[in-house]
Amino acid sequence: MPRPVHATIHADALRQNLARAKSAAPDARVWAVVKANAYGHGIERVFEALQAADGFALLDLGEAERVRKLGWRGPVLLLEGAFDARDLELCSRLDLWHTVHCEEQIDLLAAHKTHAPHRVFLKMNSGMNRLGFAPQRYRAAWTRLNALPQVQEVSLMTHFSDADGAPGIAAQLAVFEAASAELPGERSLCNSAALLRHGRIAHEALWSDWVRPGIAIYGSAPDYPEHDADFWGLQPTMTLAAKIIAVQELQPGDTVGYGSGFVADRTMRIGVVACGYADGYPRLCPTGTPVLIGSVRSRSIGRISMDMMTVDLGPAPQAGFGSEVTLWGRSSTGSVLEIDEVAHCAGTLGYELMCALAQRVPVVLA
Ligand SMILES: *Cc1c(COP(=O)(O)O)cnc(C)c1O
């Protein structure tokens, strides 16, 4: 028997979450963001469930090829654009739309030979200081790009640094609007947090033409712990579950795991679960991180090791060898443990846990 740990990808939840994202901007077209192998879910696994998307957005050219190989003839957008001249050849061959965020990318395009002019998204750095043209250089970049015979149509985009938190999007939105005023072209602004939290406020600009939800599709709240996935009407799309492979009875003073990281203060039953950090479960999760034993909430005990972790069987006295433990997602009985709650215990985000699901974990599409 293979080691009893596996992940499940829930196609129904992907479908529902995409519909939820669409309902937040009913007039916009939706890029389903599938970068990082669909946030760890696997592009091939999510592809069918995301057919209601208007396009797929990603940044790795190999992933773009995979989306085309799956038979997708609609729009595909490279969120970081071309890294070198050969990438533009692939864009021409596979009809990929691409972001242009710096002068060097315009140079590459100007030198590129293509029969089919490209559809490009010109990115403005409206304050995040990662990718994009400074607002005062944006119009000149647009003019240069628009004049190239290699370019069919220029769309306008930017990305918000604080859509998930208190600063919000107002300042960046004002910068974007001022610097792009009167420029023709479709607009794309919102990631999940902007779409869910600010869609209503700046409705005109934000619903724009294209929205770019990623994390919401994968059932994690973009602004946890202020709101959780349930608040946003999102379902878990990835479950990580394993079985108990051993049970230990502890006496007061007994310790558990490396570094004797946990000391029992009473008699306890604990279960050893076949999941560790080499499966993608964060080693930084401290004692007390929630788990589901069957459908009963309990907690981790002691340090996470490479292949195993230990859980408190106190709340689940019937549990023993072979019992199911859900580390995040939806148990086979339908109980939910949100990935964000586990991520928060490790000081990180649901994004990171999904993306870090290890290669060695077998994945089932349900
Ligand atoms: C990753 C990414 C998104 C999606 O962000 P989420 O927070 O997952 O919704 C949108 N736009 C760009 C440019 C991105 O890189």
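Residues numbered from 1 in each chain as written. Predicted model: local features only at pLDDT ≥ 70, side-chain atom pairs only at ≥ 80, totals over all residues. Heavy atoms only, no water.

A. Broad picture of the site of the ligand. Residues in contact with the ligand amount to 13 residues; listed here are only the nearest, Lys35, Tyr39, Ser192, Ile215 and Tyr351. Between Lys35 and the ligand, the recorded distance is 2.7 Å, taken from a side-chain N or O atom to an oxygen atom. Burial of the ligand by the protein chains amounts to 93% of its free accessible area of 390 Å². The residue makeup of the shell around the ligand, split by class, is 6 nonpolar, 4 polar and 3 charged. (Near = heavy atom within 4 Å. Polar contact = N/O pair within 3.5 Å; in protein donor to acceptor, adjacent residues only side chain to side chain. Areas by Shrake-Rupley, 256 points an atom, 1.4 Å probe, with all protein chains shown as cover. Nonpolar A, V, L, I, M, F, W, Y, C, P; charged D, E, K, R; others polar.)

B. Structural context of the domain arrangement of the protein. Segmenting the protein into domains produces domain 1 (11-218) and domain 2 (238-365). For domain 1 versus domain 2, the separation of C-alpha centres amounts to 37 Å. Taken together, the contact between domain 1 and domain 2 spans 10 residues of the former and 8 residues of the latter. Sorting the residues of domain 1 by area buried against domain 2 places Tyr39, Arg45 and Ile215 first, and these three jointly supply 53% of that buried surface. Where domain 1 touches domain 2, the interface holds 1 salt bridge. We note a salt bridge from Asp12 to Arg330, for which the minimum N-O separation is 3.7 Å. (Domains from an automatic or database assignment. Contact = heavy atoms within 4.5 Å. Buried area = accessible area lost by both parts, 1.4 Å probe. Salt bridge = Lys/Arg side-chain N within 4 Å of Asp/Glu carboxyl O.)

C. Quick peek at the nonpolar core. If you look at the biggest cluster of nonpolar residues, it comprises 111 residues, and the most contacted ones within it are Leu50, Leu145, Tyr218 and Tyr281. Each of domain 1 (11-218) and domain 2 (238-365) contributes no fewer than three residues to this core. Discounting residues that sit within four places of it in the chain, Tyr218 has contacts with Leu14, Asn17, Val33, Val34, Ala38, Tyr39, His41, Val46, Leu50, Thr237 and Met354. Ranked by size, the runner-up nonpolar core spans 7 residues in total, among them Leu250, Ala264, Ile270 and Ile301. (Core = buried A, V, L, I, M, F, W, Y, C linked by side-chain atoms within 4.5 Å. Buried < 20%, exposed > 50% of the residue type's maximum accessible area, 1.4 Å probe, protein only.)

D. Molecular detail of the pattern of salt bridges. Under the defined criterion, the tally for this structure stands at 17 salt bridges. With a closest N to O distance of 2.9 Å, Arg144 and Glu103 form a salt bridge. Of the two residues, Arg144 is situated in helix H7 (residues 135-146) and Glu103 in helix H6 (residues 103-110); the sequence distance between them amounts to 41 residues. Its relative accessible area of 30% is what places Arg144 among the partly exposed residues. Here Glu103 falls in the partly exposed class, since its relative accessible area comes to 24%. Note that Asp107 and Arg144 form a salt bridge whose closest N and O atoms lie 2.7 Å from each other. Of this pair, Asp107 sits in helix H6 while Arg144 sits in helix H7, and the two are 37 residues apart along the sequence. Each of Arg3, Asp279, Asp307 and Arg360 takes part in a single network of salt bridges with overlapping partners. (Helix = DSSP H or I, 4+ residues; strand = E, 2+ residues; numbered from the N terminus.)

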